[in-house]
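Take a look at the letters that make up each chain.
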Amino acid sequence: IFNKNLTKLLLVKGTESDSWSFPRGKISKDENDVDCCVREVLEETGCDISEYIDEEAFIERNIGGKNYKIFLVSGIPEDFKFEPKVRNEIEKIQWHDFKKLSRNCNPKTAQIKIYLVNNLMRPLAMWVKSNRQIDDDEKLKAHVETQLKLLLGIKKEDTPDPGRELLNMLQSTV
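Quick notes on the rules
Residues numbered from 1 in each chain as written. Predicted model: local features only at pLDDT ≥ 70, side-chain atom pairs only at ≥ 80, totals over all residues. Heavy atoms only, no water. Helix = DSSP H or I, 4+ residues; strand = E, 2+ residues; numbered from the N terminus. Buried < 20%, exposed > 50% of the residue type's maximum accessible area, 1.4 Å probe, protein only. Contact = heavy atoms within 4.5 Å. Areas by Shrake-Rupley, 256 points an atom, 1.4 Å probe, with all protein chains shown as cover. Phe/Tyr/Trp six-rings, centres within 6.5 Å; stacked < 30°, edge-to-face > 60°. Lys NZ or Arg CZ within 6 Å of the ring centre and 35° of its normal. Patch = residues over 30% accessible without salt bridge, like charges linked within 9 Å, V, L, I, M, F, W, Y side chains within 5 Å. Salt bridge = Lys/Arg side-chain N within 4 Å of Asp/Glu carboxyl O. Lys, Arg positive; Asp, Glu negative; His and termini not counted. Charge placed at Lys NZ, Arg CZ, Asp CG, Glu CD. Pairing = 2+ DSSP bridges. Core = buried A, V, L, I, M, F, W, Y, C linked by side-chain atoms within 4.5 Å.

Caption draft 1: Structural context of the overall build of the chain. Each helix and strand counted, the chain has four helices and five strands in total. Along the chain, from the amino end to the carboxyl end, the secondary structure elements read β-β-α-β-β-β-α-α-α. By the burial criterion, 32% of the 174 residues in the chain qualify as buried. If you take every contact in the chain between residues at least 6 apart in sequence, the share linking residues at least 24 apart comes to 59%. With an accessible surface of roughly 11,900 Å², the chain has 49% of that area assigned to carbon and sulfur atoms.

Structure, rendered in C-alpha cells:
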C-alpha cells in the first residue's frame, strides 16, 4: 500500500512479531484474491482499499515454500487514521519511506526488521518507477493541452468539450 506520490509504503507490525511487513492473511473458502486482500487490509488497518485496488497490479512469489500474492495499491492518503479492526493481531501501523526501505533491505544492515518486503523490493521498485512515469506522462499531457489552448485562444469557460472545439477550429480552416 503506497501513498499518493508513491514515496511511502504502509507496513504493519504484529503483536507477536518484531518485524514489519505488508498487511496480509489467509484466504477464506470461496473468496477470491482481491476480496481477501480488501478484507485483510480492512481488518488489519481499518482502511477500505476497495476503491483503490487494481486486480491486475500484484506481485506473486513463492518464498520458503509459501505462496504470496501481494496487491500493489496506491493513492491512500497519508493522513488516514489507521486503526485495526481485529484485536491482538496488529501492534503498529506506519508509513515507511520507500527509498530508505529499498536501501536498507539487507537484513544484516537494516535499521528495522522487515519480513517479505526485502524479497519483493526489486519488483516493487520497478512498479513504482513505471507508475511514476504514468503520472508524469499525464501531467505532461495536461500541460501541453493547456499550452495549446493558450496558443489557440481557447478559454476554459468557453469549452465544455475542448477536443470538439479544437476539431471545429481545424475543420473551419480547411
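Read on, since the account is not over.
Caption draft 2: Here's a closer look at the packing of aromatic side chains. Within the structure shown, the criterion is met by five aromatic pairs. A cation over an aromatic ring shows up here: K69 above the ring of F58, its NZ or CZ 4.1 Å from the ring centre.

Caption draft 3: Representation of a positive patch on the surface in the model. On the surface, K99, K100, R103 and R132 cluster together into a positively charged patch. By residue number, the principal contributor to the positive patch is helix α2 (residues 98–103), which donates three residues. Summarising the element assignment, K100 is placed in helix α2. In this structure K100 comes out as exposed when scored by relative accessible area, which is 53%.

Caption draft 4: Expanded view of the pairing of strand β3 (residues 58–63). Pairing of β3 with strand β4 (residues 66–71), which is carried by six bridges, proceeds in the antiparallel orientation. Directly across from I63, in β4, lies its bridge partner K66. The antiparallel pairing of β3 with β4 creates a hairpin that spans two residues between the two strands, and G64 there sits at a positive phi of about 60°.

Caption draft 5: Local environment of the pattern of salt bridges. Evaluation of the coordinates by the stated rule reveals seven salt bridges. Among the ionic pairs, E40 bridges to R39, the shortest N-O distance being 3.0 Å. Residue classification places E40 among the buried positions, given a relative accessible area of 7%. On the basis of relative accessible area, R39 is assigned to the partly exposed category, the value being 22%. Each of the salt bridges in this network shares a partner with another, and the network as a whole consists of E31, R39, E40 and E43.

Caption draft 6: The arrangement of the side chain of E40 in detail. Within the secondary structure, E40 sits in helix α1 (residues 33–45). Setting aside residues up to four positions removed in sequence, E40 forms contacts with R24, G25 and K26.

Caption draft 7: A look at a nonpolar patch on the surface. Taken together, L148, L151 and L152 make up a surface patch of nonpolar side chains, about 290 Å² in accessible area. Here L152 shows up in helix α3 (residues 121–152). Residue L152 is classed as partly exposed on the basis of its relative accessible area, which comes to 33%.

Caption draft 8: Here's a closer look at the nonpolar core. Counting residues in each nonpolar core, the largest one holds 21 residues, and the members touching the most others are F2, L9, L11, F22 and L124. Those elements that provide at least two residues to this core are β1 (8–14), β4, α2 and α3. For this core, the element with the highest residue contribution is α3, accounting for four residues. If near-sequence neighbours (up to four positions away) are discounted, L11 is found in contact with W20, S21, F22, K92, I93, Q94, H96, L101, I114 and V117. In terms of nonpolar packing, the next biggest core, distinct from the first, is built from 14 residues, I1, V34, V41 and I53 among them.

Interpretation in functional terms is not warranted from these geometric data alone.
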